[in-house]
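# Geometric and topological summary
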Amino acid sequence: MALVNDHFLKLPDNYLFADIASKVNAFKAMHPKEDIVTLGIGDVTQPLCPAVVDAIHRAADEMATPAGFHGYGPEQGYDFLREAILKYDFLPRGIHLDIDEVFVSDGAKSDTGNIQELIRWDNSIAVTDPIYPVYIDSNVMIGRAGIQQNGRWTNVNYLPCTAANDFVPQIPDRRMDVIYLCYPNNPTGTVITKEELRKWVNYALRNDTLIFFDAAYEAYIQDASIPHSIYEIKGARKCAIEFHSYSKTAGFTGIRCGYTIVPKDLTAVTLDGQRIGLNHLWLRRQSTKFNGTSYISQRAAEATYTAEGRRQIRETIGYYMANARVMLDTFRRLGFLAYGGENAPYIWVKTPDGSSSWQFFHEMLYGAHVVCTPGVGFGPSGEGYVRFTAFNSHEATQEALHRIGQWLEQNR
Ligand SMILES: *Cc1c(COP(=O)(O)O)cnc(C)c1O
């Protein structure tokens, strides 16, 4: 008889987006003639750019020849991609990394979920709240998060980010072993300034805290003063692991490629006080459990760094950010308190009249036939907010905003 890992049983059954889908399906069953506009799920909608598609074709043709066939690649990724990452994502920002500090992966979800394997189950963890659910759920599965009571995990320290603190999390008043940060933020669409990020790095250095920094949306930053990488802050090499993804940057949600930086200066401690390098541990972990990202995906990722590639992905990001601008302006004009959207593809909207996230979700679904994501699905401080994404066509975005405007008009 095999005993189950009962930490899994602590997780609520349904995933947020499955809940939303079932509510949308219920609406459709009752209103078969009505169409719905979805500004809910965080998936990109625009096609791959031509530079990437060409690279995929070329890589596929190569694989069709004996000389160009590629089987298992290096677990850490091909050098051609790791070199491009150093050259284009870090050097221009004055960040000097070694190629062995770059680990190519199949995306940031796996890496942000798996990274906690490097540390003992009894470390203390903190997350900004609301947050991408993967961070907490992956800690639940290993027994580090405790149990859920009233929507909170007993062993997770929540750092609230709400309108009340202008979405700037307060540095904890005690030491934590691990902190997850995500900037630009999913779900709030807000960013962190260099000054604020410096406070976190200094806290981490002072307290020997490990920071897991998710930079999946860095390509959406428009304001030149906002940091794209935590390594822009001095000392971060000693305290931070950083996650990147081509999913939102270049529409790779279905291609799958990302990378993680684990600096060689980074250490954690054994019970008897010995310092262990995390770069080596992650290499060991990846070589055991991961067999590399496909050659074709890595050639596709490499193409995002060519001159055409960079221009084309900037164009697509500009397309989404035009949606974000219209949404932000329109929500504010309609009288909502709306946040984010300036350096990220998400708009975070306060629900009016104190209604709950799910209440507002329902009212808008039935009243305007528009789908958003209830903020409470991202953590307790998300209650009373909903998230709208800019990942849609201009037309669908306009249509959704038009419907929301009409719906509000009818309810006046
Ligand atoms: C979308 C997203 C990712 C990217 O996940 P992939 O596995 O690379 O597709 C990572 N972190 C956050 C916060 C995200 O929203």
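Residues numbered from 1 in each chain as written. Predicted model: local features only at pLDDT ≥ 70, side-chain atom pairs only at ≥ 80, totals over all residues. Heavy atoms only, no water.

### A few points about the pairing of strand 10 (residues 258-261)
Rule in force here: Accessible area is worked out with a 1.4 Å probe on protein chains only. A residue is then buried under 20% of its type maximum, exposed over 50%, and partly exposed in between. A helix here means a DSSP run of H or I that spans at least four residues, while a strand means a run of E at least two residues long, and both kinds are numbered starting from the N terminus. Paired strands, as defined in this entry, are two strands with at least two bridges between them according to DSSP.
In strand 10, alternate side chains face the same way, and those of Gly 258 and Thr 260 on one face and Tyr 259 and Ile 261 on the other are all buried. Of the strand pairs in this sheet, strand 2 (residues 102-105) and strand 10 are connected by 4 bridges, and their pairing is antiparallel. Residue pairing for strand 10: Val 102 is matched across the bridge by Ile 261. The pairing of strand 9 (residues 240-245) with strand 10 spans 4 bridges and is classified as antiparallel. Across the sheet, the residue bridging to Glu 242 is Ile 261, located in strand 10.

### Some details on the side chain of Asn 392
Inclusion rule: Under this definition, polar contacts are N or O atom pairs within 3.5 Å; protein pairs additionally need one hydrogen-donor-capable and one acceptor-capable atom, and for neighbouring residues in sequence, both atoms have to be side-chain atoms. The contact criterion used is simple: two residues touch if any of their non-hydrogen atoms lie within 4.5 Å.
Turning to its location among the elements, Asn 392 is positioned in the loop between strand 17 (385-389) and helix 12 (394-410). In terms of polar contacts, Asn 392 uses its side chain to reach the backbone carbonyl oxygen of Thr 38, at 2.8 Å. Residues in contact with Asn 392, not counting those within four places in the same chain, are Thr 38, Leu 39, Thr 45, Tyr 319, Tyr 320, Asn 323 and Thr 397.

### Remarks on empty space enclosed by the protein
This is how it is decided: Every definition here rests on a 1 Å grid over the protein atoms only: cavities are sets of points where a 1.4 Å probe fits but cannot get out, pockets are open sets enclosed by protein on both sides within 12 Å along at least five of seven lines, and lining residues have some atom within 4 Å of a point. Grid points are joined across faces, edges and corners, and a volume is the space filled by probe spheres set on the points.
Here the structure, examined in full by the defined rule, presents 2 cavities of 30 Å³ or more. Considering only enclosed or pocket space, the largest cavity measures out at about 90 Å³ in volume. Taken together, 15 residues form the lining of the largest cavity, with Pro 47, Thr 249, Ala 250, Gly 251 and Thr 316 sitting closest to its centre. Listed by contribution, the elements that provide at least two residues to the lining of the largest cavity are helix 7 (246-250) and helix 10 (307-333). Counting residues per element, the lining of the largest cavity draws most heavily on helix 10, at 5 residues. One number sums up the size of the second largest cavity: a volume of about 40 Å³. Around the second largest cavity, the lining residues are Asp 89, Phe 90, Arg 93, Glu 218, His 228, Ser 229, Glu 242 and His 244. For the lining of the second largest cavity, the secondary-structure elements that each account for two or more residues are helix 3 (79-90) and strand 9.

### Brief notes about the nonpolar core
The criterion, for reference: Residues grouped as a nonpolar core are buried Ala, Val, Leu, Ile, Met, Phe, Trp, Tyr and Cys residues, joined through side-chain atoms within 4.5 Å.
Within the largest apolar cluster, 97 residues are counted, with the highest numbers of intra-cluster contacts made by Phe 331, Phe 388 and Ile 404. When residues in this core are grouped by element, the largest group, 8 residues, is from helix 10. Beyond its immediate chain neighbours, meaning those up to four positions away, Ile 404 contacts Phe 331, Leu 334, Phe 336, Met 364, Ala 368, Val 370 and Phe 388. The next biggest cluster of nonpolar side chains, apart from the first, holds 29 residues, and it includes Leu 11, Ile 119, Ile 131 and Val 178.

### Considering helix 5 (residues 134-141)
With 6 of its 8 residues buried, helix 5 lies for the most part within the structure. Taken residue by residue, helix 5 has Val 134, Tyr 135, Ile 136, Ser 138, Asn 139 and Val 140 as its buried positions. Elements that come into contact with the buried residues of helix 5 comprise helix 4 (108-114), strand 3 (125-129), strand 5 (152-153), strand 6 (156-160), strand 7 (178-182) and strand 8 (210-214). Downstream of helix 5 by a residue or two, Gly 143 has a phi angle that is positive, lying close to 90°.

### Details of the site of the ligand
Selection criterion: Any residue with a heavy atom lying within 4 Å of a molecule or strand is counted as near it. Under the convention used here, a 1.4 Å probe and the Shrake-Rupley method define accessible areas, while residue burial counts only the protein chains that appear.
Around the ligand sit 14 residues in total, of which Tyr 217, Ser 245, Ser 247, Lys 248 and Arg 256 are the nearest. Ala 108 places a polar main-chain atom, nitrogen or oxygen, 2.7 Å from an oxygen atom of the ligand. Measuring from an oxygen atom of the ligand, one finds a side-chain N or O atom of Ser 247 at 2.6 Å. Protein contact buries 93% of the 390 Å² of open area that the ligand shows by itself.

### Some points on the sheet that holds strand 17
Sheet architecture is open: 4 strands sit in the order 13-14-17-16, paired in antiparallel fashion. The open sheet terminates on both sides in strands that have one partner only, identified here as strand 13 (338-340) and strand 16 (373-374). Taken together, the 3 bridges between strand 13 and strand 14 (residues 346-350) define a ladder with antiparallel strand orientation. Within strand 14, the residue paired with Gly 340 across the bridge is Ile 347.

### A closer look at the packing of helix 10 against helix 12
Keep this limit in mind: Simply put, an axis is a line fit to the C-alpha atoms, just over the touching stretch for a helix, and the angle between two N-to-C directions goes from 0 to 180 degrees. Each angle is binned into one of four classes, with values under 35 degrees roughly parallel, values over 145 roughly antiparallel, values of 65 to 115 roughly perpendicular, and all other values oblique.
Packing of helix 10 against helix 12 brings their axes to within 10 Å, and their N-to-C directions diverge by 10°. When the axis of helix 10 is compared with that of helix 12, the two are roughly parallel. From helix 10, Tyr 319, Ala 322, Asn 323, Val 326, Met 327, Thr 330 and Phe 331 reach across to helix 12, where they touch His 394, Glu 395, Thr 397, Gln 398, Leu 401 and Ile 404.

### A word on the sheet that holds strand 3
Here we have 7 strands laid out as an open sheet, ordered 2-10-9-8-7-3-6, and mixed in their pairing. The open sheet terminates on both sides in strands that have one partner only, identified here as strand 2 and strand 6. Going across the sheet, the axis of each strand differs from the next one's by a mean of 20°, ignoring polarity.

### So, the packing of aromatic side chains
Put simply, the test is: Each aromatic pair joins two rings of Phe, Tyr and Trp (for Trp, the six-membered one) with centres within 6.5 Å, and gets the label stacked for planes under 30 degrees apart, edge-to-face for over 60, and tilted for any other angle.
Within the structure shown, the criterion is met by 29 aromatic pairs. Aromatic side chains Phe 80 and Tyr 295 sit 6.0 Å apart centroid to centroid with 90° between the ring planes, which places their arrangement in the edge-to-face category. Taken as a pair, Phe 80 in helix 3 and Tyr 295 in helix 9 (residues 295-303) lie far apart in primary sequence, 215 residues in all. With centroids separated by 6.4 Å and ring planes inclined at 70°, the aromatic side chains of Trp 348 and Phe 378 adopt a geometry described as edge-to-face. Remark: Phe 378 occurs in the loop between strand 16 and strand 17 and Trp 348 occurs in strand 14; sequence separation between them is 30 residues.

### Overview of the pairing of strand 8
Across the 5 residues of strand 8, 5 count as buried, placing the element largely inside the fold. The alternating pattern of strand 8 places Leu 210, Phe 212 and Asp 214 and Ile 211 and Phe 213 on opposite faces, both of which are buried. Here strand 7 pairs with strand 8 via 5 bridges, running parallel. Bridge pairing in strand 8 places Leu 181 opposite Phe 213.

These figures come from the coordinates and say nothing about function on their own.
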